[in-house]
Amino acid sequence: MASSTVRPEIQDGAQVGAHDHDVARRLLDSAATLSYDPVTEVDWETPLDKDFHGASPEWSTLYGTAYWRELTDAQRKELTRQEAASVASTGIWFEMILQQMVLRDIYAKDPTQAGFQWALTEIADECRHSIMFARGAKKLGAPAYRPHRIAVELGRAFKTVAFGEAAYAAILVAEEVLDVMQRDWMRDERVVPFVRTINNIHVVEESRHMKFARDETRKHLENAGWLRRQIHAFVIAVASYVIVTSMVNKDVYPNAGLDRKRAVSEARANEHHKSLMRSSCAGLMEFLASARLLTKPALLFYKRANLI
């Protein structure tokens, strides 16, 4: 009788371990066959052509506003270049948080396992992406955009204490939001070619990271109790709000030659951009709902960030 109660647990553990190994091995195989070196893949030498946008204009925070209609074509292009650089800078900031969380998660684990090796592969990807984003922002003629001091300190705390599903679901939110907008940018011939290349590289390689983050989130939630799920759902939502609201720095407007106060006001009220964010995050919200992470307190932050 004792053996009959123990044996299924061992089997379940073996099945979970085998699943984790299979996922990690597939991701490693994918990375080995489809990865890019931004140093050689991106055209860093050709001077910036200002006849192009930095991002699809429909993704501009001012697109569809009265202010947007008043801008000249050159002003619109400069604004999208500054906004694209700001998004890239926010990406660097969060990728640094991501790398620390993943590294802390695998600390002291078995380095011979595929999961450990995949985690290091992901960190290596993120290092290359951060350098790529930094060079891209500089080529767009933008300064070093940084999140607000409060966001920086919240990020410092989050990367130190977040674990399990809180860490991986927050990673997923940041990657999913970037993925949707960059899929549009990389196909848009109005966007400057080197930015399209950067977006293509990031989309291809981040698809593996998102697969891993979804899988890890599900795995960590398997035995989570009600209280833990409530707490982590709230933490993930707050982290998501900080990430999304930090993507476009308010300094992009004066740096593009616009009136800061008016631009910030019209961007904040821009229903087109809010609708675009909500529709682009539909799949992400479905996943969070399926993981029972859309609690009432969490929903307040997703709504404030215009993700739902």
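Placed above this text is the structure.
Residues numbered from 1 in each chain as written. Predicted model: local features only at pLDDT ≥ 70, side-chain atom pairs only at ≥ 80, totals over all residues. Heavy atoms only, no water.

Helix and strand counts for the chain come out as 14 helices and 0 strands. Counted from the first residue to the last, the chain has its helices and strands arranged as α-α-α-α-α-α-α-α-α-α-α-α-α-α. Against the 2.2 N^0.38 benchmark of 19 Å for 308 residues, the chain shows a C-alpha radius of gyration of 21 Å, consistent with a compact globule. The dimensions of the chain, computed from C-alpha atoms along their principal axes, are 80 × 45 × 30 Å. In the chain, buried positions account for 49% of the 308 residues. Of the accessible surface of the chain, which amounts to about 14,900 Å², a share of 57% is contributed by carbon and sulfur atoms. Here the chain contributes 40 positively and 40 negatively charged side chains, and the mean placements of these two sets differ by 6 Å. (Helix = DSSP H or I, 4+ residues; strand = E, 2+ residues; numbered from the N terminus. Rg over C-alpha atoms; globule rule 2.2 N^0.38 Å. Buried < 20%, exposed > 50% of the residue type's maximum accessible area, 1.4 Å probe, protein only. Areas by Shrake-Rupley, 256 points an atom, 1.4 Å probe, with all protein chains shown as cover. Lys, Arg positive; Asp, Glu negative; His and termini not counted. Charge placed at Lys NZ, Arg CZ, Asp CG, Glu CD.)

Size it by volume and the largest pocket reaches roughly 640 Å³. T61, V244, T245, A267 and H273 are, among the 26 residues lining the largest pocket, the residues nearest its centre. Those elements giving two or more residues to the lining of the largest pocket turn out to be helix 4 (73-106), helix 7 (164-187), helix 9 (226-245), helix 11 (260-268) and helix 12 (271-280). Of the residues contributing to the lining of the largest pocket, the split by class is 14 nonpolar, 7 polar and 5 charged. (1 Å grid on protein atoms, 1.4 Å probe; cavity = no way out; pocket = protein on both sides within 12 Å on 5 of 7 lines; lining within 4 Å. Points joined across faces, edges and corners; volume = space filled by probe spheres on them. Nonpolar A, V, L, I, M, F, W, Y, C, P; charged D, E, K, R; others polar.)

Glancing now at the nonpolar core. If you look at the biggest cluster of nonpolar residues, it comprises 93 residues, and the most contacted ones within it are L62, L79 and Y253. Among the elements that make up this core, the one with the highest residue count is helix 7 (14 residues). (Core = buried A, V, L, I, M, F, W, Y, C linked by side-chain atoms within 4.5 Å.)

A word on empty space enclosed by the protein. Taken as a whole, this structure holds 2 cavities of 30 Å³ or more when the rule is applied. Roughly 120 Å³ of internal volume is contained in the largest cavity. Lining the largest cavity are 15 residues, and of these A84, A88, F133, I198 and N199 lie nearest its centre. The set of elements that each furnish at least two residues to the lining of the largest cavity consists of helix 4, helix 5 (114-139), helix 7 and helix 8 (193-221). Here the residues of the lining of the largest cavity sort into 12 nonpolar, 3 polar and no charged. In this structure, the second largest cavity spans a volume of roughly 90 Å³. As for the second largest cavity, its lining consists of 14 residues, and the residues nearest its centre are G91, F94, A174, E175 and L178. Mapped by element, the contributors of at least two residues to the lining of the second largest cavity are helix 4, helix 7 and helix 8. Considering every element that reaches the lining of the second largest cavity, the biggest residue donor is helix 4, with 6 residues. Of the residues in the lining of the second largest cavity, the class split is 7 nonpolar, 3 polar and 4 charged.

Here we come to the environment of E122. By the element assignment, E122 lies in helix 5. Through-space distance from the C-alpha of E122 to that of R208 is 8.5 Å; in sequence the pair is 86 residues apart.

Now for unusual backbone geometry. At A108, a residue that is not glycine, the phi angle is positive and equals roughly 70 degrees. A positive phi is found at N306, a non-glycine position, where the angle reads about 60 degrees. Mapped onto the fold, N306 is located in the segment after helix 14 (296-304).

The topology assignment puts S130 in helix 5. Non-local contacts of S130, meaning those with residues more than four positions away in its chain, are made with I92, E95 and Q99. (Contact = heavy atoms within 4.5 Å.)

A separate point is the packing of helix 9 against helix 14. Relative orientation and spacing of two packed helices are given, respectively, by the angle between their axes and the distance between those axes. Where helix 9 contacts helix 14, the axes come no closer than 8 Å and their chain directions differ by 10 degrees. Here helix 9 is positioned roughly parallel relative to helix 14, judged by the angle of their axes. Residue-level inspection shows A233, F234, I236, A237, V238, S240 and Y241 of helix 9 in contact with helix 14, the latter providing P297, A298, F301, Y302 and R304. For the contact of helix 9 with helix 14, a count of residues per class yields 10 nonpolar, 1 polar and 1 charged. (Axes fitted to C-alpha atoms, helices over the stretch in contact; angles between N-to-C directions. Parallel < 35°, antiparallel > 145°, perpendicular 65-115°, else oblique.)

This part is about the side chain of E206. Looking at the secondary structure, you find E206 in helix 8. Within the structure, E206 has its side chain in polar contact with the side chain of H129 (distance 3.1 Å). Once residues lying within four places of it in the same chain are set aside, the contact partners of E206 are E95, E126, H129 and E175. (Polar contact = N/O pair within 3.5 Å; in protein donor to acceptor, adjacent residues only side chain to side chain.)

The subject of this paragraph is the packing of aromatic side chains. Under the definition given, this model contains 6 aromatic pairs. Here a set of aromatic residues connected by ring pairs shows up, and it is made of W118, Y168 and F212. Cation over ring: K139 sits above F194, and NZ or CZ is 4.6 Å from the ring centre. Over the face of the ring belonging to Y67 we find R262, whose NZ or CZ atom lies 4.2 Å from the ring centre. (Phe/Tyr/Trp six-rings, centres within 6.5 Å; stacked < 30°, edge-to-face > 60°. Lys NZ or Arg CZ within 6 Å of the ring centre and 35° of its normal.)

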